[in-house]
Amino acid sequence: MSEKTSSKLERILASGNLAVTSECGPPRGTDPEAIIEKANLIKDYVDAINITDNQTSVTRMCSLAACIRLKLMGLEPVLQMVTRDRNRIALQSDILGAASFDINNMLCLSGDHQSFGDCAAGQNVHDLDSMQLLQLVRKMRDEGKFLGGDEIKRPPKMFVGAAANPFADPFEIRVPRLAKKVAAGAEFIQTQCIYNLDKFEKWMEGVRERGLHEKVHILAGVTPFKSAGMARYMKNRVPGMDVPDDVVKRMADTPKEKQAEEGINICVESIQRLKEVEGVHGFHVMAIEWEEKVPGIIERTGLYPRPEV
Amino acid sequence: MIRSITQQKPLEEIDELLKGLGRVFLIGCGTCTTLTHTGGEPELSTMRENLTGVGKLVTGQVVVPVACDNLTGEIIKDYGGQIDQANVLLVMSCAFGVQTIASQLKKMVVPALNTMFIGKETGMGRFNEICTQCGTCIIGETGGICPVTSCHKGLVNGPCGGTDKGKCEIDSNRDCAWTLIYNRMKELGRLDSIKKFQKPRNHHGEPMPGRVDLTEKTQEATAK
């Protein structure tokens, strides 16, 4: 896995350090301060910051604009791009636009179904799917060509990532699915939030059996619970999420005023255990609307200070 | 057998579409909308009552055998007098029928139904979309199950991360198409086939509006 881009995230992963990424959701309005504030809370504790792309299909400031905002602050953004809203012309065009601002990381996703959001009656595009988007970015970068075959002047240099959900069923399809994404061009993976560590470790066994851990950098996804209610919600209402009963119970058995702290404890313990899993090359800490807790989590897990590369 | 699946528009919308048009001639269809109970004899009678109730004059009604057939124009000629008296035709067929009628009679047409999809009756009164007619069929590699139609995101390279106990993330009553495909291919011992990359779809296979002209090739061949 030799370096192909100017991505700081790629450099850190190539150096053998555990990488740390986090994410910020853009605001439902035009105020850039919303992004700047969130980024300032976490910037010294992470190597790169994902900007979500209209997550849960709720209309927000576009990921690209928010990523540019991070670039202006001298930070390292990961442009999330879903295939739900844009056809292949718009996707390629946005990739060029992002690259023109030297945005060096991109995460290729299909995106939540639009029925979850504020435009439930909207068209879902999916002209390409996440797999085809991965192939597209790699083609643009490695061959310097558009999907249609024409040459790109100054091709984009993106470090290309994808998501993986080790927990959705059928479980046995999940390792082959990762293999397909790697073959399509994924160089790093950010996983779904991990609460069922046993199952994740079983998935990683399958990943190692096929040698995929040597072909792709896997960043384990974690999200701290703010409350027992959130744990129950994640368990019951968020599709593809696997929250074991004992984790929900641990949160529920904690007095209300201490639940937030307990949620952080669970997150820290998870990272500690996952650090020992062969093939885990870093962490993606998704503290949803709770960015101020990221520094503490990173410090407590010994991942601070971040390496200079 | 495939059918054009329709649903009646809300009465308020029909009223709005008929605003200022007091004399209405009703047309139903003896094929698809009779089967789906949206445009057969009973539905026409109910519609007639509704219209009369809001002060419209229904000059006549007919259920034609196949509204989308070109013979429809001929059949309707028998009702010439009643049609002449009306200032609008309210058509309770699918949009194929509405457009056929519109092209054959010089008369304002209003559809009473929304055409939802081309589907199949899979149980009493239950209709499912099986094919979206995308123009680039891949079901030879997915065990005869169409992900373009059955996956709510139309994903052709495998499932998203939202599969939940074999059901779709958007509706726990709907099967995840890719779980069905996986199970079918496993049964057939052909799991390798879903590893294949499906390329970006050629939407040009279904240019809007779709058109296939079998005579074009013959003409080309003759020209050579």
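Rules of the game
- Residues numbered from 1 in each chain as written.
- Chains lettered and ligands numbered in written order.
- Predicted model: local features only at pLDDT ≥ 70, side-chain atom pairs only at ≥ 80, totals over all residues.
- Heavy atoms only, no water.
- Helix = DSSP H or I, 4+ residues; strand = E, 2+ residues; numbered from the N terminus.
- Rg over C-alpha atoms; globule rule 2.2 N^0.38 Å.
- Contact = heavy atoms within 4.5 Å.
- Areas by Shrake-Rupley, 256 points an atom, 1.4 Å probe, with all protein chains shown as cover.
- Lys, Arg positive; Asp, Glu negative; His and termini not counted.
- Charge placed at Lys NZ, Arg CZ, Asp CG, Glu CD.
- Domains from an automatic or database assignment.
- Buried area = accessible area lost by both parts, 1.4 Å probe.
- Salt bridge = Lys/Arg side-chain N within 4 Å of Asp/Glu carboxyl O.
- Polar contact = N/O pair within 3.5 Å; in protein donor to acceptor, adjacent residues only side chain to side chain.
- Nonpolar A, V, L, I, M, F, W, Y, C, P; charged D, E, K, R; others polar.
- Pairing = 2+ DSSP bridges.
- Axes fitted to C-alpha atoms, helices over the stretch in contact; angles between N-to-C directions.
- Buried < 20%, exposed > 50% of the residue type's maximum accessible area, 1.4 Å probe, protein only.
- Arc of directions from axis to C-beta.

**Re the overall build of chain A**
Okay, so step 1: Helix and strand content of chain A: 11 helices and 8 strands.
Okay, so step 2: On C-alpha atoms alone, chain A measures out to a radius of gyration of 19 Å, which is about the 19 Å that the 2.2 N^0.38 rule sets for 309 residues.
Okay, so step 3: Across its three principal directions, the C-alpha atoms of chain A cover 60 × 45 × 40 Å.
Okay, so step 4: Across chain A, every contact between residues at least 6 apart in sequence was considered, and the portion connecting residues at least 24 apart equals 78%.
Okay, so step 5: Accessible surface computed for chain A: about 12,600 Å², of which carbon and sulfur atoms make up 48%.
Okay, so step 6: In chain A, 41 positive and 44 negative side-chain charges are present, and the distance between their average locations comes to 2 Å.

**Points about the domain arrangement of chain B**
Okay, so step 1: Per the domain assignment, the segments making up chain B are domain 1 (2-117) and domain 2 (132-195).
Okay, so step 2: Centre-to-centre separation of domain 1 of chain B and domain 2 of chain B, based on C-alpha positions: 38 Å.

**Overview of the interface of chain B and chain A**
Okay, so step 1: Contacts between the two partners involve 28 residues from chain B, matched on the other side by 29 residues from chain A.
Okay, so step 2: Counting each side, the surface lost to burial between chain B and chain A is near 2,300 Å², with a carbon and sulfur contribution of 53%.
Okay, so step 3: In terms of surface lost to chain A, no three residues of chain B exceed Lys153, Phe197 and Pro200 of chain B, which account for 26% of the buried area on that side.
Okay, so step 4: Here chain B is connected to chain A by 1 salt bridge.
Okay, so step 5: The shortest N-O distance in the salt bridge between lysine 186 of chain B and glutamate 172 of chain A comes to 3.5 Å.
Okay, so step 6: Linking chain B to chain A there are 20 residue pairs in polar contact (both at pLDDT 80 or more).
Okay, so step 7: Here the side of chain B that touches chain A is built from residues that sort into 9 nonpolar, 10 polar and 9 charged.

**Overview of the sheet that holds strand S4 (residues 88-92) of chain B**
Residue and element names in this part refer to chain B.
Okay, so step 1: An order of S3-S2-S4-S5 is seen for the 4 strands of this open sheet, with the pairing classed as parallel. Two strands close off the open sheet at either side, each with one partner strand: strand S3 (57-64) and strand S5 (109-111). Across this sheet, the average inter-strand angle for adjacent strands is 25°, counted without regard to direction.
Okay, so step 2: When strand S2 (residues 23-29) meets S4, the two strands line up parallel, connected through 5 bridges. Each residue of the ladder has a partner; that of leucine 26, found in S4, is leucine 90.
Okay, so step 3: Packed onto the sheet, helix H3 (residues 41-53) meets S2, S3 and S4 and runs at close to 170° relative to S3.

**Section: the environment of glycine 97 of chain B**
Residue and element names in this part refer to chain B.
Okay, so step 1: Looking at the secondary structure, you find glycine 97 in helix H6 (residues 95-104).
Okay, so step 2: Residue class for glycine 97 comes out buried when judged on its relative accessible area of 1%.
Okay, so step 3: Once the C-alpha coordinates of glycine 97 and alanine 177 are considered, the two residues, 80 residues apart in sequence, prove to be 32 Å apart.
Okay, so step 4: Ignoring anything within four residues of it in the chain, the contact list for glycine 97 reads Ala67 and Cys68.

**Brief notes about the environment of serine 22 of chain A**
Residue and element names in this part refer to chain A.
Okay, so step 1: Position of serine 22 among the secondary structure elements: in strand S1 (residues 19-24).
Okay, so step 2: For serine 22, a relative accessible area of 0% puts it in the buried group.
Okay, so step 3: For the pair serine 22 and aspartate 47, spaced 25 residues apart in the sequence, the C-alpha separation amounts to 8.3 Å.
Okay, so step 4: Leaving out residues up to four positions away in the same chain, serine 22 has contacts with Ile42, Val46, Ala48, Ile49, Asn50, His284, Val285 and Val294.
Okay, so step 5: Within the structure, serine 22 has its side chain in polar contact with the backbone oxygen of valine 285 (distance 2.7 Å).

**Here we look at the pairing of strand S8 (residues 280-285) of chain A**
Residues and elements named next belong to chain A.
Okay, so step 1: Across the 6 residues of S8, 5 count as buried, placing the element largely inside the fold.
Okay, so step 2: Pairing analysis gives 4 bridges linking S1 to S8, with the strands arranged parallel. Directly across from serine 22, in S8, lies its bridge partner valine 285.

**As for the pairing of strand S6 (residues 113-123) of chain B**
Residue and element names in this part refer to chain B.
Okay, so step 1: Where strand S1 (residues 2-8) and S6 come together, 7 bridges link them in antiparallel fashion. When the bridges of S6 are listed, glutamine 8 appears paired with leucine 113.
Okay, so step 2: Examined bridge by bridge, S6 and strand S7 (residues 126-129) share 4 bridges and lie antiparallel to one another. Bridging from a neighbouring strand, lysine 120 pairs with asparagine 128 of S7.
Okay, so step 3: Remark: 2 residues form the turn of the hairpin made by S6 and S7, two consecutive strands paired antiparallel; glycine 125 in that turn has positive phi of roughly 70°.

**Quick word on H6 of chain B**
Residues and elements named next belong to chain B.
Okay, so step 1: Three or more residues of H6 are buried, namely Gly97, Val98, Thr100 and Ile101. End-on, the buried residues of H6 take up no more than an arc of 165°, which puts them together on one face. Turned more than 90 degrees away from the buried face of H6 sit Phe96, Gln99 and Ser103, all of them exposed.
Okay, so step 2: Looking at the packing, one finds that the buried side of H6 touches S2, helix H4 (72-77), S4 and S5.

**What about the pattern of salt bridges?**
Okay, so step 1: All chains considered together, the criterion is met by 33 salt bridges over all chains.
Okay, so step 2: Connected through shared salt-bridge partners, Lys4, Arg138, Arg141, Asp142 and Glu187 of chain A make up one network.

**What about unusual backbone geometry?**
Residue and element names in this part refer to chain A.
Okay, so step 1: The omega angle of the peptide bond from aspartate 169 to proline 170 is -5°, so this bond is cis rather than trans.
Okay, so step 2: Following the sequence through the fold, proline 170 ends up in the loop between strand S5 (159-164) and helix H6 (174-184).
Okay, so step 3: Cis geometry marks the peptide bond from tyrosine 304 to proline 305; its omega dihedral reads 0°.
Okay, so step 4: Mapping proline 305 onto the fold places it in the segment after helix H11 (294-300).
Okay, so step 5: A positive phi is found at aspartate 102, a non-glycine position, where the angle reads about 55°.
Okay, so step 6: Inspection of the secondary structure assignment puts aspartate 102 in the loop between helix H4 (88-100) and strand S4 (105-109).
Okay, so step 7: Relative accessible area serves as the criterion here: at 38%, aspartate 102 is assigned to the partly exposed category.

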